[in-house]
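Listed here are the chains, written in short residue letters.
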Amino acid sequence: MSAKPEIDDGYSRVASVGEVPRGRGIAVDVDGIEIAVFNVEGEFHAISNRCPHQGAPLYKAGEKKINAEDTWTESRGGVNEDDLTVSCPWHLWELDIESGEHEVSGKCIGTFDAKVVDGEVFVRI
Amino acid sequence: MGSPVSQIDADAEVPERAYEDRVIDLDFHVNPLEEDLLAYVEDDVVRDKLTTEFGPTPIPGKWDAAYAIKEGNEGLFTQGRAEYAEDVREACEKFAIDEPIVNAGVNNLPLQHHPILKNGVVQAANDYMLDHFADEDIYTSMLVPKWDPEYAVEEIERVAAEDNVVAAYSWFGPKTPWGSEQFDPVFEALVENDLPLLLHGSLAYWPQHSYIGDEMLTWTEVLGFDWPIHTMVNVVNMIMRGVFDRFPDLNVVFQEGGHWWVPFVRYRMDEFYEMHPDDVKITPRKHEAGGELLERRPSEYLRDNIYLTTQPLALPRGSGQARDLLELSMADDMFTYSSDWPHQTLDPPTWFYTSRAFDDELRESILHENAEEILRL
Ligand code: FES
């Protein structure tokens, strides 16, 4: 059994690194707040799970489409690693994953500190 | 250390309460693969042309919504591609949709040139839909060709009585609005078979190649406004030209034609008609029947015979304003829920639970009661 990782107060463990594949997200409820945690090239980012447009669950961004092999892009929205954005699975609004901003509408959702310690992902609300 | 954490792993993408209500979706598109569809074309000559020389869907160059979408035409598959009944069921589970009314919405078909080839696609699509959806217990709307009313009637007589065929699906556009008398045999066949007519926006005829339209360059101008304008023209044309006096049991659902224009059309039609009704008697149906006036006020036909699908529902922010607009738009009588799955303008039934503009009664009218009435479910 390994020792508990050293981590500041206020952070909560949400997953092991291996549980969140690159380019995908998971959703967690931290003290009643729904947070999506994305793995962007091994960096973890935490952002509100609810799209500011119509409330789609953002963590599904990148989910495989039905009959994906007969479509071109294969996934419903997804993470853009170069631009550091996530596009929503419903209408593809692009949100800045670090600031939570949607440029065109000016709407913004919450983002949270995330860090990895000893292979575990922690988020602070 | 830290706060209580639990992982969310819900397949559901809409509020849980949506699963308690019956949700009927009047506009759910399936997209058969071209080769699967063409295998159903019965006419050898047509199949040969569709699969070789012409390709399956020859269309003239035109503006397309794809120019506004990062992924181009892939926007039509934003959510995926349903080819079979199990695909539809999987998609509906996420959005609490109980009864999707599926269509093989080959919405570029009206724009194509050759009527015989187009009829071949209609026949194939209807047979594909019967085999893969109606026979699998999924309510289906059959395609009806607007360009060939005679063949439309033949097709209605061939397909309408099949189990789970609950509606006819065709298209509206600015050319030859549906008030024209040439469609009377189609209306008669629909009423005889208890089928409502669902009219969907087709790929734009207008604004291309018109003085105003050629200068319209954005998705907002074209997709946002041409279909609602076409819808208004068609609705007013059908009402004023006496379609519903001749076919009082005909129900028509305009899909993706917008809905907040209802207050404008409602009051303006009545005002103009009551001021000068004198030309109604020289419209062909009235003239033939020796009638002088419409049997009801124009807005009453709007309330009784016309239905609109809700997607995409752009509600005012304040719930008081939204409620007033819904009331003025006769939503309780005219609105029916639609998702438009899998397109880029998808509308899951979220609003009805997150906005305080909807009370239980209005929510139920829109989510299922109005649809039940016209589909006779
Ligand atoms: S709900 Fe996210 S883009 Fe519409």
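Within any chain, residue numbers begin from 1 and follow the written order of that chain's sequence. Following the order in which they are written, the chains are lettered starting with A and the ligands numbered starting with 1. Side-chain atom pairs in this predicted model are given and counted only at pLDDT of 80 or more, local residue features only at pLDDT of at least 70, and totals for whole chains, interfaces and linings cover all residues. Remark: hydrogens and water are excluded; side-chain values derive from all non-hydrogen atoms of the structure.

**Focus on the overall build of chain B**
- In DSSP terms, a helix is any run of H or I states spanning at least four residues, a strand is any run of E spanning at least two, and both are numbered starting from the N terminus. Looking only at helices and strands, chain B has 15 helices and 9 strands in total.
- Over its C-alpha trace chain B gives a radius of gyration of 21 Å, about what one expects of a compact globule, namely 21 Å for 377 residues.
- The principal-axis extent of the C-alpha atoms belonging to chain B is close to 85 × 55 × 45 Å.
- Note on exposure labels: buried denotes an accessible area under 20% of the residue type's maximum, exposed denotes more than 50%, and partly exposed covers the range between, all computed with a 1.4 Å probe on protein chains only. Burial status across chain B gives 58% buried among its 377 residues.
- Note on contacts: a residue pair qualifies if any of its non-hydrogen atoms lie within 4.5 Å across the two residues. Contacts in chain B between residues at least 24 apart in sequence constitute 82% of all its contacts with a sequence separation of at least 6.
- Calculation of accessible area relied on Shrake-Rupley with a 1.4 Å probe; when residues are assessed, cover is drawn exclusively from the protein chains displayed. Within the structure as shown, chain B displays about 16,300 Å² of accessible surface, and the carbon and sulfur contribution to it stands at 51%. Using C-alpha atoms as the atom set, the radius of gyration is obtained and then compared with a globule rule of 2.2 Å times the number of residues to the power 0.38.

**Details of the UniProt feature "domain: Rieske" (unreviewed entry) in chain A**
- Under the UniProt annotation, the feature "domain: Rieske" (unreviewed entry) is placed at residues 12-123 of chain A.
- In the segment residues 12-123 of chain A, helix accounts for 0% and strand for 44%; the C-alpha atoms at its two ends are 5 Å apart. UniProt positions are given in the numbering used here, feature names are shortened, and annotations may be inferred rather than shown by experiment.

**Thoughts on the packing of helix H7 (residues 219-240) of chain B against helix H9 (residues 262-275) of chain B**
All names here are of chain B.
- Their axes nearest at 12 Å, the elements H7 and H9 cross at an angle of 35°. Here H7 and H9 pass one another in a crossing that is right-handed. Facing H7, whose interface residues are Met232, Val236, Ile239 and Met240, H9 presents Phe264, Val265, Met269 and Tyr273. Fitting a line to C-alpha atoms yields each axis, with helices limited to the stretch in contact; the angle taken between N-to-C directions then spans 0 to 180 degrees. Helix crossings get a hand from a simple test, with the near helix turned counterclockwise from the far one by less than a right angle marking a left-handed crossing and a clockwise turn marking a right-handed one.

**Digging into the interface of chain A and chain B**
- Every contact between the two is made by 37 residues of chain A and, on the other side, 38 residues of chain B.
- When residues of chain A are sorted by the area they lose upon contact with chain B, Ile66(A), Asp70(A) and Trp90(A) head the list and together hold 22% of the total.
- Each salt bridge in this description consists of a side-chain nitrogen of Lys or Arg and a carboxyl oxygen of Asp or Glu lying within 4 Å of one another. In this assembly, chain A and chain B are joined by 4 salt bridges.
- The salt bridge partner of Glu13(B) is Lys60(A), with a shortest N-O separation of 3.2 Å.
- Pairing of N or O atoms within 3.5 Å defines a polar contact, subject to two protein rules: one partner must be a possible hydrogen donor and the other a possible acceptor, and residues neighboring in sequence count only if both atoms are side-chain atoms. Connecting chain A to chain B are 19 residue pairs in polar contact (both at pLDDT 80 or more).
- Contributions of two or more residues to the side of chain A that touches chain B are made by strand S1 (11-16) and strand S2 (25-30) of chain A.
- With 5 residues, the top contributor of residues to the side of chain A that touches chain B is S2(A).
- Classification used: nonpolar for Ala, Val, Leu, Ile, Met, Phe, Trp, Tyr, Cys and Pro, charged for Asp, Glu, Lys and Arg, polar for all others including Gly. Each residue belonging to the side of chain A that touches chain B can be placed in one class, and the counts come to 16 nonpolar, 7 polar and 14 charged.
- Pairing between two strands requires that DSSP report at least two bridges joining them. Direction of pairing for S2(A) relative to strand S1 (residues 5-8) of chain B: antiparallel, over a ladder of 4 bridges. Note on S1(B): the bridge partner recorded for Val30(A) is Val5(B). Buried area is calculated as the accessible area (1.4 Å probe) missing from two parts once they are joined, with the contributions of both summed.

**Topic: the sheet that holds strand S10 (residues 111-117) of chain A**
- In spatial order, the strands read S1(A)-S11(A)-S10(A)-S4(A)-S3(A)-S2(A)-S1(B); together these 7 strands make up an open sheet with antiparallel pairing. Looking at strand neighbours, the two that pair on one side only are S1 of chain A together with S1 of chain B, the edges of this open sheet. On average, each strand axis in the sheet is inclined to that of its neighbour by 30°, with strand direction left out of account.
- Inspection of the sheet shows S2(A) paired to strand S3 (residues 33-40) of chain A by 6 bridges, in the antiparallel sense.

**Overview of the packing of helix H4 (residues 115-132) of chain B against helix H5 (residues 149-159) of chain B**
Residues and elements named next belong to chain B.
- Packing of H4 against H5 leaves a shortest axis separation of 12 Å and a crossing angle of 15°. Overall, the two elements H4 and H5 adopt an arrangement that is roughly parallel. You can see that H4 and H5 cross each other, and the crossing is right-handed. Of H5, the residues touching H4 (which contributes Asn119, Val122, Gln123, Asn126, Asp127 and Leu130) are Tyr151, Glu155, Arg158 and Val159.
- Within the contact of H4 with H5, the residues separate by chemical class into 4 nonpolar, 3 polar and 3 charged. The scheme is simple: roughly parallel for angles under 35 degrees, roughly antiparallel for over 145, roughly perpendicular for 65 to 115, oblique for anything else.

**A look at the packing of aromatic side chains**
- Under the pairing criterion, centres of Phe, Tyr and Trp rings, with the six-membered ring standing for Trp, must be within 6.5 Å; the plane angle then separates stacked pairs below 30 degrees from edge-to-face pairs above 60, leaving the rest tilted. Evaluated as defined, the whole model comprises 15 aromatic pairs over all chains.
- Taking the centre distance of 6.0 Å and the plane angle of 65° together, the rings of Trp90(A) and Phe95(B) count as edge-to-face. Residue Trp90(A) is located in the loop between strand S8 (85-87) and strand S9 (94-96), and its partner Phe95(B) is located in helix H3 (residues 85-95); the two belong to separate chains.
- With relative accessibility at 1%, the residue Trp90(A) sits in the buried group.
- Judged by relative accessible area, Phe95(B) falls into the buried class, the value being 2%.
- Among the aromatic residues, those joined into a cluster by ring pairs are Trp178(B), Phe183(B), Phe187(B) and Phe247(B).
- The rule is short: NZ of Lys or CZ of Arg within 6 Å of the ring centre and within 35 degrees of the ring normal puts a charge over the ring. Taking NZ or CZ as reference, Lys115(A) lies 4.8 Å from the ring centre of Tyr11(A), over its face.

**Examining a negative patch on the surface**
- Taken together, the side chains of Glu86(B), Glu90(B), Asp131(B), Asp135(B), Glu136(B), Asp137(B), Glu162(B) and Asp163(B) define an acidic patch exposed on the protein surface.
- When you line up the elements, Asp137(B) lands in the loop between H4 and strand S4 (140-143). Patch members must show over 30% relative accessible area and no salt bridge, and they are joined within 9 Å when carrying like charges or within 5 Å when they are nonpolar side chains of Val, Leu, Ile, Met, Phe, Trp or Tyr. Counting rule for charge: Lys and Arg are taken as positive, Asp and Glu as negative, and neither His nor the chain ends is counted. By convention, charge coordinates are those of NZ in Lys, CZ in Arg, CG in Asp, or CD in Glu.

**As for the pairing of S10(A)**
Residue and element names in this part refer to chain A.
- Bridging between strand S4 (residues 43-48) and S10 involves 2 bridges; their strand directions are antiparallel. Each residue of the ladder has a partner; that of Ala46, found in S10, is Phe112.
- When S10 meets strand S11 (residues 120-124), the two strands line up antiparallel, connected through 5 bridges. Residue pairing in the sheet places Val117 in a bridge with Glu120 of S11.
- Hairpin connection of S10 to S11: 2 residues between the antiparallel strands, including Asp118 at a positive phi of 50°.

**Section: the confidence of the model for chain A**
- The predictor attaches a confidence to each residue, and that confidence, scored 0 to 100, is pLDDT. For chain A, the average pLDDT comes to 93, and 95% of its residues sit at 70 or higher.
- Between the elements of chain A, mean pLDDT differs from a low of 95, seen in strand S6 (residues 75-76) of chain A, to a high of 98, seen in S4(A).

**Some thoughts on the pairing of S4(B)**
Residue and element names in this part refer to chain B.
- In the sheet, S4 pairs with strand S5 (residues 165-172) via 4 bridges, with the strands oriented parallel. Within S5, the residue paired with Ser141 across the bridge is Ala167.
- A clockwise course of the path from the first strand over the helix to the second, judged with the strands pointing away from the viewer, identifies a crossover as right-handed. With respect to chirality, the unit in which S4 leads through H5 into the neighbouring parallel S5 is right-handed.

**What to know about a nonpolar patch on the surface**
All names here are of chain B.
- On the surface, Phe225, Ile229 and Val233 cluster together to form a nonpolar patch covering roughly 260 Å² of accessible area.
- Assignment of secondary structure puts Phe225 in helix H7.
- By relative accessible area, Phe225 is classed as partly exposed at 49%.

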